[in-house]
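Each chain, letter by letter, is given below.
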Amino acid sequence: MAKASESKLVAGATGDWEIVVGMEVHAQVSSKSKLFSGASTAFGAEPNSQVSFIDAAMPGMLPVINEFCVAQAVRTGLGLNAAINRRSTFDRKNYFYPDLPQGYQISQFKHPIVGEGEVLVDVTPSEQIRVGIERLHLEQDAGKSTHDQSPTESFVDLNRSGVALMEIVSRPDIRSADEAKAYVTKLRTILRYLGTCDGDMEKGSLRADVNVSVRRPGGPLGTRCEIKNVNSIRFIGQAVDTEARRQIAILEDGGAIDQETRLFDPVRGETRSMRSKEEAHDYRYFPDPDLLPLEFDQAYVDELAAGLPELPDAKKARFVSDYGLSPYDASVLVAERDLAAYYERAVASGGVKRDAKIVANWITGDVAAYANAIGRSVQDTHITPEQVAALVDLIADGTISGKIAKDVLALMTGEESGASPRDIVERRGLRQVTDTGAIAAAIDAIMAANPDKVAQVQAKPTMLGWFVGQALKATGGKANPQVVNDVLRSKLGL
Amino acid sequence: MSDPTSLTLAEARDAVRSKSLSSRELTEAHVAAVAAARPLNAFITETPERALAMADAADARIARGEAGPLEGLPLGIKDLYCTEGVRTTAGSRILDSFVPGYESTVSSQLWRDGAVMLGKLNLDEFAMGSSNETSYHGPAVSPWRRPGSETALVPGGSSGGSAAAVAARLCLGATATDTGGSIRQPAAFTGTVGIKPTYGRCSRWGVVAFASSLDQAGPITRTVRDAAILLRSMAGHDPKDSTSVDLAVPDYEAEVGASVAGKTIGIPRQYRIDGMPAEIDALWAEGVAWLKAAGARIVDIELPHTRYALPAYYIVAPAEASSNLARYDGVRYGLRVPGRDIAEMYGNTRAAGFGPEVRRRIMIGTYVLSAGYYDAYYLKAQKIRTLVRQDFERAFADGVDAILTPATPSAAFAIGEKGGDDPIAMYLNDAFTVTVNLAGLPGIAVPAGLSADKLPLGLQLIGRPFDEGTLFSLAEVIERSAPKTELPSDWWSATAPTR
Amino acid sequence: MSIDQATVRRVAQLARISLAEGEVEHLRGELNAILSFVAELDGVDVEGVEPMTSVLPMQLRRRPDAVTDGGIAPKIVANAAASEDHLFAVPKVIE
Ligand SMILES: [Mg+2]
Ligand SMILES: [Zn+2]
């Protein structure tokens, strides 16, 4: 990207520094079976129960590729506006580690399935950046070692071994912890829209290797360190800041940065060198002779492209133009595909035309607040889009006030769970009173009981609010505030 | 009935099918022969109980009229093929106690067709060798000897146990594998027939890998017809092997005895190498004459990159092997030699588990793939492969149906004679066979006569991709035309302990 | 190209094969013999030649995404030198 914006610079003791970040995100393909074997990918199974002889690299075992994984890599590439390579090859990356049964990882080194692309990232409601994608390739995940069960042994579970990953490599276009977080958030949104990865960072479906370096603004790139396997968006931000501060301190002390692999420790809030993975990096990549080049024709790509869902950028633009939403509201609503669908169901519910902005306000406001309070997404609460639409309609046709609507929503989330807003209003008699006679009678009673206040208000019209409050109270909050106002003014001669 | 072990596979098949001989009788005779032949060290593991149970099951199927193409026929399996529940060592210490939970596709097809397993045959460690001397279980010994000599000769390698067992009539046929000549060279050394089919013709699934882009399974038998029968059962598409070809398997036996009149046979000048013994040259000329007499047309052809094949092979094969053998790390199966930490455990396990030749090849393979050397070695060797293949493609495009060459540069040598500190001397054994692996073509070795030392010599025929049928027709002409030679007489049983 | 003892040690380390000190020089000689044998290729002009990437002119077949394997943990660990509760046990790895 172009110039470093001033606000992104980090002030050091000797002047300003610019942070430069590139990321390698490993996204697990949402497939039922592994990339090269028929074993299940389901999370949390008993040790080695989802392992075939292939995944355990038994002698004579051979890989056969999963077509679904190929299709998802292509779809993801299309979603990242990237070039699709109709011929790619699989290479072996050779190294020894107990959770790497073959002694090599099947990956794509020279010729990846997806080439260059680009992601638009909203950093703040008013700031957007472009992050270049260098490549996306398919590769196998390793197994899992646990080191804390015994003082003398580590234990290896190969359930993850061979699970399909898409490694998405960005260009070093990221300039701050916030940009890094926003980039991964956006990438996750795109993957979830496509359904190619569930984006569940807690289960390890999405992990980021964060490459951090610092430099003087506009200067040459500094030496980078790779922080491996950061597994939450919050930690990504912390890792960038922590590592940048560490590097700046070294450089300002006259030291030099060693290019190395580091680990982020969220408990201690520091990164530290991973010596065990450091020694003698010579992966001896060569084409895997057990596999042929992966080839497909343009028709295959076109068919997958035709089947892509509307992606977040396009959806956001449509929400702004078709529904008149602010770009901010639109981006909140499109952050999750299901939320956007929820919103659109509410807008269109019953084939009735309603104010799409008010629907958006309710969903991003009160409904979201409720969802947040119970730790769910809006679309996962029992409040249906149809109920939201009904609520908005009740306000629009004057049946209830906006204030009563909040009470109705509270009932829907509590004791009246499952009921339609209209039923709640009827059953509880919450219908707004617009009958002037009834309101006038109530006001007459209030005026009769409070002659002193009547005298005061005639001298000081701002006292009117007290009468409005009393009138609403007398009608149980159901009186239409506009009618109350009108009747009061005429009776008081204001 | 005379000794059932003297039958060819085809004869035994016909006898069993016509119920003039039961599989039980046939198998018992072979089980006894195997037990008596332990001085040949052809078997690493004998499975007599399994053999007899399989024979009884075969006899039951025959009685029900359900006989398969190989019903009741006892075979030996190279110990590179994984066999479910039966120890599979690859001739290595590192797998000495390994018992697979699965059966290789090729062997499972043999059992599907009714064959009986006698046991697992000796081989060079991980199929790396040309004399069977690198086996952790010691060398297999050829049943052949020079007249009046008791010097133990090599049966060739890496499928030395297969060749020795077939030549000594311990089994009717055997599975083998060929990465640079490991079927054809031992066949030539033991007066047997061995075919390496086109790459992709037989599944590699369940066969311990040496060099994935070169490895191919095939049979060793005593006659061309027997090889045709066995290959038909071994071959076929396997969805579990991405390099297996989805092509129907022809009835190869029908090609045995088919006319070769009008076939064009290429004779490559480049195979007449410096220092080639005169008797090999003479044998080659005889082969030409036999094919000509059968109506084939003989043409001289050029395969200009032949001399580069062996060096290219000794880059590609070790490179792939270094990666294929990384899985032997002491973690999931096989030998583990403890160390102070995991790195030391790996190093100790692999130092103790692999023999010198395997360690040497892993080292060379690791080196040629390492940073800074990949282009100069591995990439260059893969380009040479393209050139070697193009040589053959040109010849075939010019109308050549098959190519005739010697199978080996010499007859069998003595155990301990070659190799040692000079690995290259041993590597030269593959000079005539290795081009075929680099190009992925089919090649057959067929006995053609005897050396001055009265040891078998073979000729090799190289065919177009997936044209094994033509090779069987041509090989049968050589088999029929060559002077009849007796199989080696049994000197080994006399030295065997009686049971 | 000829390799020295340090290279022999580095390659052995990459290949995870422990070497006794006495083996290094011997192995260096053998490896150099093989390297000088393959140096025959130095003279070949491969300008413009494509490296062989697949022996066969065929397409990579893709299998359907279905769970067809697994559920054999006892068989997976059956040959292991050390295992516990169907997990492979190895000397402790320090990260
Ligand atoms: Mg990475
Ligand atoms: Zn990766």
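Residues numbered from 1 in each chain as written. Chains lettered and ligands numbered in written order. Predicted model: local features only at pLDDT ≥ 70, side-chain atom pairs only at ≥ 80, totals over all residues. Heavy atoms only, no water.

Considering the interface of chain B and chain C
Contacts between chain B and chain C engage 68 residues on the former and 49 residues on the latter. There are four salt bridges connecting chain B and chain C. At the junction of chain B with chain C, the criterion picks out 19 residue pairs in polar contact (both at pLDDT 80 or more). Put simply, the parts of the chain that give the side of chain B that touches chain C at least two residues each are helix H9 (306–324), helix H10 (342–353), helix H11 (356–369), helix H12 (375–397), helix H13 (423–427) and helix H14 (434–439) of chain B. The element that contributes the greatest number of residues to the side of chain B that touches chain C is H12(B), accounting for twelve residues. (Contact = heavy atoms within 4.5 Å. Salt bridge = Lys/Arg side-chain N within 4 Å of Asp/Glu carboxyl O. Polar contact = N/O pair within 3.5 Å; in protein donor to acceptor, adjacent residues only side chain to side chain. Helix = DSSP H or I, 4+ residues; strand = E, 2+ residues; numbered from the N terminus.)

Quick look at the side chain of B:Ser244
Within the element layout of this structure, B:Ser244 appears in the loop between helix H7 (224–234) and strand S7 (264–268). Among the polar contacts listed, one links the side chain of B:Ser244 to the backbone nitrogen of B:Asp238, at a separation of 2.8 Å. When residues no more than four places from it in sequence are discounted, the contact partners of B:Ser244 are B:Gly200, B:Gly236, B:His237, B:Asp238, C:Met58 and C:Arg61.

With respect to the nonpolar core
Core analysis: the largest hydrophobic core is formed by 205 residues, its most contacted members being B:Phe126, B:Leu170, B:Phe392, B:Leu404 and B:Phe472. When neighbours within four sequence positions are excluded, B:Leu170 is seen to be in contact with B:His30, B:Ala33, B:Val34, B:Ala37, B:Leu40, B:Ala42, B:Phe43, B:Leu118, B:Ala165 and B:Trp492. In terms of nonpolar packing, the next biggest core, distinct from the first, is built from 114 residues, A:Ile19, A:Ala82, A:Ile174 and A:Ile236 among them. (Core = buried A, V, L, I, M, F, W, Y, C linked by side-chain atoms within 4.5 Å. Buried < 20%, exposed > 50% of the residue type's maximum accessible area, 1.4 Å probe, protein only.)

Re the packing of aromatic side chains
All names here are of chain B. One pass over the full model with this rule turns up 30 aromatic pairs over all chains. Geometrically, the ring pair formed by phenylalanine 126 and tyrosine 328 is tilted, given 4.9 Å between the ring centres and 50° between the ring planes. Pair noted here: phenylalanine 126 is in the loop between strand S3 (116–121) and helix H5 (160–167) and tyrosine 328 is in the loop between H9 and H10, with a separation of 202 residues, a long-range link. Phenylalanine 126 sits in the buried class, given a relative accessible area of 0%. Look at tryptophan 491 and tryptophan 492: their rings are 5.6 Å apart centre to centre, the planes differ by 85°, and that puts the pair in the edge-to-face class. (Phe/Tyr/Trp six-rings, centres within 6.5 Å; stacked < 30°, edge-to-face > 60°.)

As for the coordination of the zinc ion (ligand 2)
All names here are of chain A. Around the zinc ion (ligand 2), the protein contributes the donor atoms His26 (NE2), Glu139 (OE) and Glu167 (OE), which lie 1.9 to 2.1 Å from the metal centre. Coordination of the zinc ion (ligand 2) draws on donor residues from a single chain, spaced H-x112-E-x27-E in sequence. In this structure, the zinc ion (ligand 2) is positioned 4.2 Å from the magnesium ion (ligand 1). Taken as a pair, histidine 26 in strand S2 (residues 15–28) and glutamate 167 in strand S11 (residues 164–170) lie far apart in primary sequence, 141 residues in all. For histidine 26, a relative accessible area of 9% gives the class buried. According to the relative accessible area criterion, glutamate 167 is buried, its value standing at 10%. (Donors = N, O, S within 2.8 Å, 3.2 Å for Na, K, Ca; no water.)

Here we look at the pattern of salt bridges
Counted according to the given criterion, the structure contains 69 salt bridges over all chains. In this structure, the salt-bridge partner of A:Glu270 is A:Arg268, at a minimum N-O distance of 3.4 Å. Residue class for A:Glu270 comes out partly exposed when judged on its relative accessible area of 30%. On the accessibility criterion, A:Arg268 (58% relative accessible area) is exposed. Residue C:Arg9 is joined to C:Glu21 by a salt bridge in which the shortest nitrogen-to-oxygen separation is 2.7 Å. Here C:Arg9 is found in helix H1 (residues 5–14), whereas its partner C:Glu21 is found in the loop between H1 and helix H2 (23–38), with twelve residues between them in sequence. What makes C:Arg9 partly exposed here is its relative accessible area of 35%. Salt bridges here are not isolated pairs; linked through shared partners, they connect A:Arg92, A:Asp288, A:Asp290, B:Arg204 and B:Asp241.

Structural notes on the sheet that holds strand S9 (residues 144–146) of chain A
The strand order S9(A)-S10(A)-S3(C)-S2(C) describes an open sheet built from four strands, whose pairing is antiparallel. Across the chains shown, the open sheet's two edge strands, defined by having one partner strand only, are S9 of chain A together with strand S2 (83–84) of chain C. Pairing geometry for S2(C) and strand S3 (residues 87–91) of chain C, over two bridges, is antiparallel. Bridge assignment links C:Ser83 to a residue of S3(C), and that residue is C:Phe88. (Pairing = 2+ DSSP bridges.)

So, the UniProt feature "domain: Asn/Gln amidotransferase" (unreviewed entry) in chain A
In this structure's numbering, the residues bearing the UniProt feature "domain: Asn/Gln amidotransferase" (unreviewed entry) are residues 341–492 of chain A. In residues 341–492 of chain A, the share of helix is 68% and the share of strand is 0%. The end C-alpha atoms are 50 Å apart. (UniProt positions renumbered as here; feature names shortened; annotations may be inferred.)

Some details on helix H15 (residues 468–481) of chain B
Every α-helical turn comprises 3.6 residues, leaving residues that sit three or four positions apart pointing alike. Residues and elements named next belong to chain B. For H15, with 14 residues, the first-to-last C-alpha span of 20 Å sits near the 20 Å given by 1.5 Å per residue. With eleven of its 14 residues buried, H15 lies for the most part within the structure. Among the residues making up H15, those that are buried are Glu468, Gly469, Thr470, Leu471, Phe472, Ser473, Leu474, Ala475, Glu476, Val477 and Ile478. (Expected span 1.5 Å × (residues − 1).)

What to know about the interface of chain A and chain C
With 54 residues of chain A at the interface, the matching set in chain C holds 39 residues. Summed over both sides, the interface of chain A with chain C buries roughly 4,000 Å², with 58% coming from carbon and sulfur. Here chain A and chain C share one salt bridge between them. A salt bridge links C:Arg10 to A:Asp282; the shortest N-O distance between them is 3.9 Å. Where chain A touches chain C, the interface holds 24 residue pairs in polar contact (both at pLDDT 80 or more). The set of elements that each furnish at least two residues to the side of chain A that touches chain C consists of strand S3 (65–66), helix H1 (67–79), strand S10 (153–157) and strand S17 (294–295) of chain A. By the bridge criterion, two bridges tie S3(A) to strand S1 (residues 62–63) of chain C in an arrangement that is parallel. Within S1(C), the residue paired with A:Ile65 across the bridge is C:Arg62. (Buried area = accessible area lost by both parts, 1.4 Å probe.)

Structural notes on helix H10 (residues 402–413) of chain A
Residue and element names in this part refer to chain A. Between its first and last C-alpha atoms H10 spans 17 Å; for twelve residues at 1.5 Å apiece the expected length is 16 Å, and the two agree. Buried within H10 we find Ile404, Ala405, Val408, Leu409, Leu411 and Met412. Down the axis, H10 shows its buried residues gathered within 160° of arc, on one side only. Along its buried surface, H10 packs onto helix H8 (356–373), helix H9 (385–396) and helix H11 (421–427). (Arc of directions from axis to C-beta.)

Brief notes about unusual backbone geometry
Residue B:Ser158 follows B:Gly157 across a cis peptide bond; omega there is 5°. Mapped onto the elements of the fold, B:Ser158 is located in the loop between S3 and H5. Although it is not a glycine, A:Asn48 sits at a positive phi angle of roughly 55°. Counting through the fold element by element, A:Asn48 comes out in the loop between S2 and S3. Residue A:Asn48 is classed as buried on the basis of its relative accessible area of 0%.

Some points on the domain arrangement of chain A
Accessible area lost during the coming together of the parts is what is often quoted as the interface size. Looking at chain A, the domain boundaries give domain 1 (6–304), domain 2 (312–428) and domain 3 (436–492). A straight line from the C-alpha centre of domain 2 of chain A to that of domain 3 of chain A covers 33 Å. (Domains from an automatic or database assignment.)

Re the packing of helix H4 (residues 105–112) of chain B against H7(B)
Residue and element names in this part refer to chain B. Between H4 and H7, the shortest axis-to-axis distance is 8 Å and the interhelical angle comes to 110°. When the axis of H4 is compared with that of H7, the two are roughly perpendicular. Taking contact as the criterion, the partners of Val106, Gln109, Leu110 and Arg112 in H4 are, on H7, Leu230, Ser233 and Met234. Among the residues forming the contact of H4 with H7, the class breakdown is four nonpolar, two polar and one charged. (Axes fitted to C-alpha atoms, helices over the stretch in contact; angles between N-to-C directions. Parallel < 35°, antiparallel > 145°, perpendicular 65-115°, else oblique. Nonpolar A, V, L, I, M, F, W, Y, C, P; charged D, E, K, R; others polar.)

Some points on the pairing of strand S5 (residues 193–196) of chain B
Residue and element names in this part refer to chain B. Judged by which residues are buried, S5 turns out to be covered on both faces: Val193 and Ile195 on one side and Gly194 and Lys196 on the other are all buried. Sheet topology note: the S5/strand S6 (residues 216–221) ladder contains two bridges and is antiparallel. Note that in S6 the partner of valine 193 across the bridge is threonine 221.

Considering the packing of H1(C) against H2(C)
Residue and element names in this part refer to chain C. At their nearest, the axes of H1 and H2 sit 9 Å apart, and the two run at 95° to each other. By the angle between their directions, the pair H1 and H2 is classed as roughly perpendicular. Residues Gln5, Val8 and Arg9 of H1 form the contact with H2, whose participating residues are Val24, Glu25, Leu27, Arg28 and Leu31. Grouping the amino acids of the contact of H1 with H2 by side-chain chemistry returns four nonpolar, one polar and three charged.

A closer look at the sheet that holds strand S6 (residues 104–107) of chain A
Residue and element names in this part refer to chain A. Pairing in this open sheet of three strands is antiparallel, and the strands run S6-S5-S16 from one edge to the other. Bordering the open sheet on either side are S6 and strand S16 (286–287), each of which pairs with just one other strand. Relative to S16, strand S5 (residues 91–94) runs antiparallel, the two sharing two bridges. Pairing of aspartate 91 across the sheet is with proline 287, part of S16.

Details of the state of the cysteines
Covalently bonding the sulfur atom of one cysteine to the sulfur atom of another cysteine gives a disulfide. What the rule picks out here adds up to zero disulfides over all chains. This cysteine, A:Cys69, is not joined by any disulfide, and A:Cys197 carries the nearest cysteine sulfur, 12 Å off. Cysteine B:Cys171 is unpaired, with the sulfur of B:Cys202 as its nearest cysteine sulfur at 17 Å. According to the relative accessible area criterion, B:Cys171 is buried, its value standing at 0%. (Disulfide = S-S within 2.5 Å.)

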